[in-house]
Every structure is written in C-alpha cells, then in structure tokens.
Amino acid sequence: MTPAAQVSAHDAAHDAAQRRSAPGEARRHELAAFLRSRRERLAPEQVGLPMTGRRRTPGLRREEVAQLAAVGVTWYTWLEQARDIQVSTQVLDAVARALLLDPSERAHLFTLAGTDDPAPVKECPSVTPSVRLLLERLAPYPAVVLNSRYQVLAYNAQYTAFVGDLDGMAPEDRNLMWMAFTPSQFREVLIDYRTERLGMVARFRSAMADHSSEPAWKALLARLLKASPDFAEVWQRHDVMRPGNGIKRFQVPGVGLLRCEYTNFWLSPQLGTRMITYTPLDDETRALMDRLPDAA
C-alpha cells in the first residue's frame, strides 16, 4: 500500500470512528445542556434549601443538586460537562427527583441517557367521553382503541363482529396479540392472519423497546412465549416495524367478505394509544357493513 493510500485509509477509519461516536457524544452534550437548564430554573426554596447569600448565577448550584440527589459532586459535575461516564438508572432517578422534573422532562432525561426509566409514567388506559362518542358515531364502520401493547381499551358494537364478546373475556385476554396467536374469533375471521400477525409481532417488538422494564409488557411477552410456539418462532426473528395503515380482509359469519382499509388515529403525543377505524375498500363491503351488529 502506498503512503498516500495508507493516509487515505487512516482518514477513512478516523471518519468512520467519528461517525460512530457522534450520536453518543451529541446526546451527552444535549443531556448536559438539559440538566443545566433544569438546575438553573430552580430556586433553593423550591427544594427546601435555605438562601445563602448572593448568587452569581440563577438557580441551584451543582453541589446542591448533588446533595439533593445523594450523589458525588464530582460525578454530577462530569455529567453536566458531557463526560463519557456510566450513568445508572437509580442515579438518574434521584437526579430527576432532585430537579423536580415533570413526566415529560423525566422521559426526556432517560431518553437522552439512553437507558430505561425504572419508574416510567404509566400510559393512561382511560378513554375520554369524547373518544367513546366518536366510536359510536363511526357506525356502521368498526373501530377500536388500542394501546401500544395491543390491549383493547374501547370499541364500538360493529367491532365485536371481528373479535367476539370482549366483555365476556378475562381482562388479560382482551389483547389482539393474544387473540392472533391463540384460538379466537379474531383469528377465525381475519383471512390473512398468518401473515398479518408477523407485522403485529414486529410492531410489538418495536414498541417494547420503550417499555422493556414494565411488568405488563414482560408478563404479556412471557405468556405469549409459553402459549404459542408460533409466536416464539416469530419473536426470535427480531423483526421491527413502525405502525402504519393498510388493508385487512375479514370473513364474518352471517355478513360476508369485508375488504377494509384500516387507519390509525393517535390519541397521545407518542405512538402509544390509538384509534383504528375500518372503512370499506369497495361498494360491496360498504353495503355489507350495514349488516354488522349495532349493539354489543
């Protein structure tokens, strides 16, 4: 290899190393700036500390945050200096509490740190009256509200033609992932269920990246792995996919073949709780949807 080629190879390797480290370094600097901004907005009396003379800068001092969080001053200083140090979830939790972070700020802190929140803010399972009214008014089109774990939170009467009597099911069974991999009406009427559930698993895995420490997610995963060899096989593929819209076909007894376009409407700032509507893809399906049940 010529000297020029050696230099070129060295430069390429150096650039590649910089590209690999850039995201982590950028995130550390963003984390440092975020912590400084939250520290500087707090007055000592807000966190129960006495005022001690004149302050050169607004807000709390670094040593005061370290004291409140019960961590070393040097360690916290390094954190605000964007040093490449190991940060435990327990210490981040203590810092979040010391800085009086609200739920959004807390989630942002753990995202920047690249680690799971040991006490995440629970996704609210409640459905507002306006959402329930909208579900009813969408008739005769089926509609359902799901969280990112595929748990059914609310639905209209027409949707029961796809999944059956949800009120008669155990709460833990009111989950489309569970229905897709165990005997159920949903699996019987969804024509392409074998291929459709591949995408469901990929979306479930993608969403679980933000919830891997939560008991409800771990419990559902363990239950599915135990109950369904098919699920276990698909899970091992490690496929991931973001939620999207598409087409599904249902063969509903007493109604006929429904070709539906499904659309996601997000009910939260993140890709969490969503309403899914099923609208007819053709005139034949539009006519058949009038035969769907109008009472749950």
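Shown above is the structure to which this text applies.
Described in the following lines is the structure provided in the data block. Along every chain, residues carry numbers that run from 1 in the direction the sequence is written. pLDDT decides what is reported in this predicted model: residues at 70 or higher carry local features, side-chain atom pairs at 80 or more are listed and counted, and totals for whole chains, interfaces and linings draw on all residues regardless. Side-chain numbers come from the whole structure's heavy atoms, not from hydrogens or water.

**Things to note about the overall build of the chain**
Working step 1: For helices the rule is a DSSP run of H or I covering at least 4 residues; for strands it is a run of E covering at least 2, with both sets numbered from the N terminus onward. If you tally the helices and strands in the chain, you get 13 helices and five strands.
Working step 2: Burial classes follow relative accessibility: with a 1.4 Å probe on protein chains only, a residue under 20% of its type's maximum area counts as buried, one over 50% as exposed, and anything between as partly exposed. Here the chain holds 296 residues, and the buried ones make up 42% of them.
Working step 3: Two residues form a contact once any of their heavy atoms are found within 4.5 Å. Within the chain, counting contacts between residues at least 6 apart in sequence, those at least 24 apart form 52% of the total.
Working step 4: Working note: accessible area of the chain is about 16,400 Å², and carbon and sulfur atoms make up 53% of it. Only the protein chains shown count as cover for residues, and the accessible areas themselves come from Shrake-Rupley with a 1.4 Å probe.

**Re unusual backbone geometry**
Leave glycine aside and you will find that most residues have negative phi; peptide bonds, for their part, are mostly trans.
Working step 1: The omega torsion of the bond from Ala139 to Pro140 falls at 10°, within 30 degrees of zero and hence cis.
Working step 2: You can see Pro140 is positioned in the loop between α6 (129–137) and β1 (143–146).
Working step 3: Residues other than glycine seldom take positive phi values, yet Ala70 does so here, at roughly 60°.
Working step 4: Position of Ala70 relative to the elements: it lies in the loop between α2 (62–69) and α3 (73–80).
Working step 5: Judged by its relative accessible area of 69%, Ala70 falls in the exposed class.
Working step 6: With phi around 70°, Tyr150 is a residue other than glycine that occupies positive phi space.
Working step 7: Along the chain, Tyr150 turns up in the loop between β1 and β2 (152–155).

**Points about the sheet that holds strand β5 (residues 274–280)**
Working step 1: DSSP-based pairing: two strands are paired if at least 2 bridges between them are found. Spatially, the five strands line up as an open sheet ordered β2-β1-β5-β4-β3, and their pairing is antiparallel. The open sheet terminates on both sides in strands that have one partner only, identified here as β2 and β3 (246–252). Across the sheet, the mean angle from the axis of one strand to that of its neighbour is 30°, orientation sign disregarded.
Working step 2: Examined bridge by bridge, β1 and β2 share three bridges and lie antiparallel to one another. Looking at β2, one finds that Val144 is bridged to Tyr155. Interaxial angle, 0 to 180 degrees, is taken between N-to-C directions of lines fitted to C-alpha atoms, where a helix line uses only the stretch in contact.

**Points about the packing of helix α4 (residues 89–98) against helix α5 (residues 103–113)**
Working step 1: Relative to each other, α4 and α5 sit at 145°, their axes nearing to 10 Å. As α4 runs across α5, the sense of the crossing is right-handed. Residue-level inspection shows Thr89, Leu92, Asp93 and Ala96 of α4 in contact with α5, the latter providing Arg106, Leu109, Phe110 and Ala113.
Working step 2: Amino acids are sorted into nonpolar (Ala, Val, Leu, Ile, Met, Phe, Trp, Tyr, Cys and Pro), charged (Asp, Glu, Lys and Arg) and polar (every other residue, Gly among them). Classifying every residue of the contact of α4 with α5 gives five nonpolar, one polar and two charged. With the far helix as reference, a near helix turned anticlockwise by less than a right angle produces a left-handed crossing, and one turned clockwise produces a right-handed crossing.

**Quick word on the layout of surface pockets**
Working step 1: For cavity detection a 1 Å grid was placed over the protein atoms alone, and a set of points counts as a cavity when a 1.4 Å probe fits there but cannot get out; an open set counts as a pocket when protein lies on both sides within 12 Å along at least five of seven lines, with lining residues being those that have an atom within 4 Å of a point. Grid points are joined across faces, edges and corners, and a volume is the space filled by probe spheres set on the points. In this structure, the second largest pocket occupies an estimated 290 Å³ of space.
Working step 2: Around the second largest pocket, the lining is made up of 15 residues, and of these Arg28, Ile85, Val87, Leu112 and Ala113 lie nearest the centre.
Working step 3: Broken down by secondary-structure element, the contributors of at least two residues to the lining of the second largest pocket are α1 (3–40) and α5.
Working step 4: Ranked by residue count, the leading element in the lining of the second largest pocket is α1, at four residues.
Working step 5: Here the lining of the second largest pocket is composed, by residue class, of seven nonpolar, four polar and four charged.

**Side note on the pairing of β1**
Working step 1: Covered by surrounding structure in β1 are Ala143 and Val145 together with Val144 and Leu146, the residues of both alternating faces.
Working step 2: Relative to β5, β1 runs antiparallel, the two sharing four bridges. Residue Ala143 lies in a different strand from β5, and its bridge partner there is Thr277.
Working step 3: Between β1 and the antiparallel strand that follows it, β2, lie five residues; Tyr150 among them carries a positive phi value of about 70°.

**Quick look at empty space enclosed by the protein**
Working step 1: One pass over the structure, following the stated rule, counts one cavity of 30 Å³ or more.
Working step 2: Considered as a void within the structure, the largest cavity measures approximately 140 Å³ in volume.
Working step 3: Around the largest cavity sit 14 residues that line it, and Tyr150, Arg203, Lys248, Arg274 and Ile276 are the ones nearest its centre.
Working step 4: The set of elements that each furnish at least two residues to the lining of the largest cavity consists of α10 (193–208), β4 (256–266) and β5.
Working step 5: Of the residues forming the lining of the largest cavity, the biggest block, three residues, is contributed by β5.
Working step 6: Residue classes in the lining of the largest cavity are distributed as nine nonpolar, two polar and three charged.

**As for α3**
Working step 1: Along α3, the residues classified as buried are Trp75, Tyr76, Thr77, Leu79 and Glu80.
Working step 2: Immediately beyond the C-terminal end of α3, within one or two residues, lies Ala82, with a positive phi of roughly 65°.

**Topic: the packing of α2 against α4**
Working step 1: Between α2 and α4, the shortest axis-to-axis distance is 8 Å and the interhelical angle comes to 115°. For the element pair α2 and α4, the recorded crossing hand is right-handed. Residue-level inspection shows Val65, Leu68 and Ala69 of α2 in contact with α4, the latter providing Ala94, Val95 and Ala98.
Working step 2: For the contact of α2 with α4, the per-class residue count stands at six nonpolar, no polar and no charged.

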